[in-house]
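Architecture and fold: a report
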Amino acid sequence: MTTEAVRADGGRTSVLRHNRRFRLLWVGQTLSGFGSSMAGVALPLVLLAGGHPPTSVAAVTTVVAVTGLLVRIPAGILSDHHDQRRLMIACDLVRLAVSAAVALFLLAGPLPMWLAIVAVIVSASAMEVFKPSQFQLIRRVVSSEQIPVAVSLNQARAYGVSMAGPAAGGLLIGVYPALPFAVDAVTFLASALCVAAMVPRKRTATASPKNPAVPEPSVVPEPSVGPESSMAPERSAIPERSVVPPAPPASTAPPGPEPVRQAPAPAPAPAAGFRHRLTIGFRHLAHDPFLRRSTVFFSGMTVVFSMFGSALMLGVGDRPGGAAAVGYAFSSAALAGLLGSLAAPSLQRRLPLPVLVASGPAAAGALLTLAWLSGSTLAFVAAFSAMSLLVPAINAAVVSVMATSVPQEILGRVTTANDFVVQLLQPCAPLAAALLLTAYSLPVTALVLAVSYLVLALLAFTLPTPTPAPIAPQEPTRSDV
């Protein structure tokens, strides 16, 4: 890569770093993500401490997953048809009220199960509305050249809070059970304030300021011609006389053909029905060659990676020293994800998109093949860490393509449709991993995963070139405010 390209990219990164509105959004989401990460760990712990059986506590997690699937597509419609800034603020305030209610109930005694279920349903619904609205808002305040860096920073933020939040939640719940939820409520308030400050409300076009000292000249409208004459302003009460043009003199040439009458303006298209609005995201995914194939790729990646994590926990955890190995694997995976997110813009500049997308599953497939041949647990863990390192870069590259290739007016529905399809089969992955381990062994499971990853790597090389869509004008940014 040339020095000029490096300098140009460094300039874009510097501009994004000085983008006040993106900084406000990033800081607000860092705080609220940290609070949500604490509450996500604290909620099952306080339910168990309150005497609820583990099956009921596990059901709360299932309720979160089901709610996300049910609300995801309608959330995309809301994001496309309403002001994203107001939606985000409303979602933050709703989650603030939920966290505050949980904290208040814990001050009075054990948390009832019905409140926990209501809290996760409301919070999960608000989160599903918040996510596409945030993506839309990023596209409004960040230029297309800076979107890859913005996506990478958001991923790094998510990995960072997932590392720090659970530890902080465990410490706070030891002090007092209500404390993590009270802190969570405060972080949602901070997020709402940041969103409120980052983007001014859209202003309608207004006339130029008038100078009272200078009288406005009177404007005499010219007579209208053609079909538009019916739209002319009403004149005074003086009756108008029809004006007949004089006949041409006899010496002139014969008259030409009659002027073509202007065709009436076509009637406006009828408003799209609810089914059309509901399914347009899926139809766009199906018709766009790149998005169609990348959605299939990520659906497979999500299932295989979830199987991988479950096999690591179930197949390695029951061996001597396996608990420490699993803990090391997941800790190193979180750190690798953070590093991979920070390295994503550089990898996107240096590698063609198919090569970058194929690099993760190819590396994991090679290491899993080694684990199958040698029976090495270390190779199995190394493959998981390699995937965790490269998945953020792969995800950032494809999300950046989506942000610059999907029309603005349907972006929310396309992103939610993509998330719905990609995560549809994920709940089946842990069961599939458990069945493989029960029927066979960890090396055979490693072989199945290796073959799956190598097939995905081959699929990555078939991704077509995406076609960028026109980007709506970026909202003005003032770094000096």
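None of the values given here were measured: they were computed from a predicted structure. (Residues numbered from 1 in each chain as written. Predicted model: local features only at pLDDT ≥ 70, side-chain atom pairs only at ≥ 80, totals over all residues. Heavy atoms only, no water.)

Details of the overall build of the chain
- Looking only at helices and strands, one finds 15 helices and zero strands in the chain.
- The buried share of the chain, taken over its 481 residues, is 40%.
- Look at the contacts in the chain between residues 6 or more apart in sequence, and 87% of them connect residues 24 or more apart.
- Counting every atom, the chain has about 25,900 Å² of accessible surface; 69% of that belongs to carbon and sulfur. (Helix = DSSP H or I, 4+ residues; strand = E, 2+ residues; numbered from the N terminus. Buried < 20%, exposed > 50% of the residue type's maximum accessible area, 1.4 Å probe, protein only. Contact = heavy atoms within 4.5 Å. Areas by Shrake-Rupley, 256 points an atom, 1.4 Å probe, with all protein chains shown as cover.)

What to know about the environment of A167
- Relative to the helices and strands, A167 is located in helix α6 (residues 147–175).
- What makes A167 partly exposed here is its relative accessible area of 47%.
- Separated by 126 residues in sequence, A167 and V41 place their C-alpha atoms 8.8 Å apart.

Some points on the nonpolar core
- Judged by nonpolar contacts, the single largest core of 83 residues is most densely connected at V142, F297, F308, L368, F380 and Y453.
- Tallying contributions element by element places helix α12 (residues 377–405) first for this core, with 14 residues.
- With residues near it in sequence (within four places) discarded, F380 still touches F308, A311, L312, V316, L368, A371, L442, A446 and L449.
- Counting 20 residues, the second-largest nonpolar core is a separate cluster that includes A42, V98, L106 and M113. (Core = buried A, V, L, I, M, F, W, Y, C linked by side-chain atoms within 4.5 Å.)

Topic: the pattern of salt bridges
- This structure, assessed with the given rule, holds four salt bridges.
- D92 is the partner of R95 in a salt bridge, and the nearest nitrogen-oxygen pair spans 2.8 Å. Separated by three residues within a single helix, R95 and D92 lie in helix α4 (residues 84–108), roughly one turn from each other.
- Taken together, the salt bridges that share partners define one network made up of R72, E128 and K131. (Salt bridge = Lys/Arg side-chain N within 4 Å of Asp/Glu carboxyl O.)

Points about the packing of helix α9 (residues 289–317) against helix α14 (residues 429–439)
- Contact geometry of α9 with α14 gives a least axis separation of 8 Å together with a crossing angle of 50 degrees. With respect to α14, the element α9 is oriented oblique. The handedness of the crossing between α9 and α14 is right-handed. Every residue of α14 that contacts α9 at V303, S306, M307, S310, A311, L314 and G315 is listed here: A429, P430, A432, A433, A434, L436 and L437.
- Along the lines of polarity and charge, the residues of the contact of α9 with α14 split into 11 nonpolar, three polar and no charged. (Axes fitted to C-alpha atoms, helices over the stretch in contact; angles between N-to-C directions. Parallel < 35°, antiparallel > 145°, perpendicular 65-115°, else oblique. Left-handed = near helix turned anticlockwise from the far one by under 90°. Nonpolar A, V, L, I, M, F, W, Y, C, P; charged D, E, K, R; others polar.)

Section: the environment of I173
- Residue placement: I173 occurs in helix α6.
- Classification of I173 as buried rests on a relative accessible area of 17%.
- Considered as a pair, I173 and L45 are 128 residues apart in the sequence and their alpha carbons are 8.5 Å apart.
- Apart from the residues lying within four places of it in its own chain, the contact partners of I173 are A42, L45, V46 and P180.

Looking at the side chain of S32
- The residue S32 is located in helix α2 (residues 20–49) in this model.
- Engagement of the side chain of S32 in a polar contact is seen with the backbone oxygen of Q29, the distance being 3.4 Å.
- Each residue touching S32, except ones within four places of it in the same chain, is listed here: D184, T187, F188 and S191. (Polar contact = N/O pair within 3.5 Å; in protein donor to acceptor, adjacent residues only side chain to side chain.)

Focus: the packing of α9 against α12
- Running from amino to carboxyl end, α9 crosses α12 at an angle of 155 degrees, the nearest separation of the two axes being 11 Å. Regarding the angle of α9 to α12, the classification is roughly antiparallel. As α9 packs across α12, the resulting crossing turns out to be left-handed.
- A class-by-class count of the residues in the contact of α9 with α12 yields 20 nonpolar, five polar and no charged.

Digging into a nonpolar patch on the surface
- The grouping of L104, L107, V175, Y176 and L179 at the surface amounts to a nonpolar patch, some 490 Å² of accessible area in total.
- Note that V175 resides in helix α6. (Patch = residues over 30% accessible without salt bridge, like charges linked within 9 Å, V, L, I, M, F, W, Y side chains within 5 Å.)

Concerning the packing of aromatic side chains
- A full pass over the atoms with the stated rule returns eight aromatic pairs.
- Taken together, a centroid distance of 5.4 Å and an interplanar angle of 90 degrees make the contact between F297 and F298 edge-to-face. Residues F297 and F298 agree in their burial class; the two are buried.
- A network of ring pairs unites the aromatic residues F305, F308, F330, F380, F384 and Y453 as a single cluster.
- Above the face of the F130 ring, R95 is positioned so that its terminal group lies 4.9 Å from the ring centre. (Phe/Tyr/Trp six-rings, centres within 6.5 Å; stacked < 30°, edge-to-face > 60°. Lys NZ or Arg CZ within 6 Å of the ring centre and 35° of its normal.)

So, α14
- Of all the residues in α14, the buried ones are A429, A433, L436 and L437. For α14, the angular spread of the buried residues around the axis is 95 degrees, confining them to a single face. In α14, the exposed residues that point more than 90 degrees away from the buried face are L431, L435, T438 and A439.
- Looking at the buried side of α14, the elements it contacts are α9 and α15 (442–460). (Arc of directions from axis to C-beta.)

Remarks on the confidence of the model for the chain
- Confidence along the chain averages 79 in pLDDT terms, with 78% of residues attaining 70 or more.
- Residue range residues 1–11 is modelled with pLDDT below 50. Its contacts to residues more than four positions away, or to other chains, number four contacts.
- In this model residues 201–254 is a low-confidence stretch, pLDDT under 50, and it forms 11 contacts with partners more than four residues away in sequence or in other chains. (pLDDT = per-residue confidence, 0-100.)

Quick word on the side chain of Q29
- By the secondary structure assignment, Q29 is in helix α2.
- Here the side chain of Q29 touches S191 through a polar contact of 2.9 Å, side chain to side chain.
- Beyond its immediate sequence surroundings of up to four residues, Q29 is in contact with F130, Q134, R157 and S191.

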